[in-house]
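Chain by chain, the residues:
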Amino acid sequence: MFHANHSALQILGHVMIAFLFLFRCFTAMPRFAEHRDRLARKNVPFPDISLAIGLGMMLVGGLSVLLDVYTTVGACLLIVFTMLANLLYHDFWNHKDDWAERNRALYVFCNNTAVMGGLVLVATL
């Protein structure tokens, strides 16, 4: 618990990954309506509930990874959240006519895939 038996670099990795999700969570909360509307335009089911659950997953998962408390559970929460974000929101395959949006979504999709790789490492430490 609390990074027992972790090297300084492993702790730094936990902090960096947790920062990403906690920062995104806390900056999205004040703009809830804006994000909800964006999810609705993407036809995400139950945008209010989906967004609230997503923010909760980022908060709980981020704190779990940061504090090294139930880290495997927290990392898995963040993997599921990121996978769903990729499939429901960063759907580059649906932007055949808008190359700028397709490339932006593909870029985020690839970054998210790398973050999920880091989360797998966190979950197995």
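Refer to the structure presented above.
Residues numbered from 1 in each chain as written. Predicted model: local features only at pLDDT ≥ 70, side-chain atom pairs only at ≥ 80, totals over all residues. Heavy atoms only, no water.

Caption draft 1: Molecular detail of the side chain of H6. Relative to the elements of secondary structure, H6 occurs in the segment before α1 (8–28). What H6 contacts, discounting residues up to four positions off in sequence, is I11, H14, D68 and L125. (Helix = DSSP H or I, 4+ residues; strand = E, 2+ residues; numbered from the N terminus. Contact = heavy atoms within 4.5 Å.)

Caption draft 2: Broad picture of the packing of aromatic side chains. Applying the stated criterion to the full structure yields five aromatic pairs. Measuring from ring centre to ring centre gives 5.1 Å for F92 and W93, while their planes differ by 75°; the resulting arrangement is edge-to-face. Look at F92 and you get buried, because its relative accessible area is 17%. In this structure W93 comes out as partly exposed when scored by relative accessible area, which is 31%. Here F92 and F109 contribute two aromatic rings whose centre-to-centre distance is 5.1 Å and whose plane-to-plane angle is 75°, an arrangement assigned as edge-to-face. Note that F92 is positioned in the loop between α4 (71–88) and α5 (99–124) and F109 in helix α5, a separation of 17 residues in sequence. Site record: aromatic cluster; members linked through ring pairs are F92, W93 and F109. Above the plane of the ring of Y89 lies K42, whose end atom (NZ or CZ) is 5.2 Å from the centre. (Phe/Tyr/Trp six-rings, centres within 6.5 Å; stacked < 30°, edge-to-face > 60°. Buried < 20%, exposed > 50% of the residue type's maximum accessible area, 1.4 Å probe, protein only. Lys NZ or Arg CZ within 6 Å of the ring centre and 35° of its normal.)

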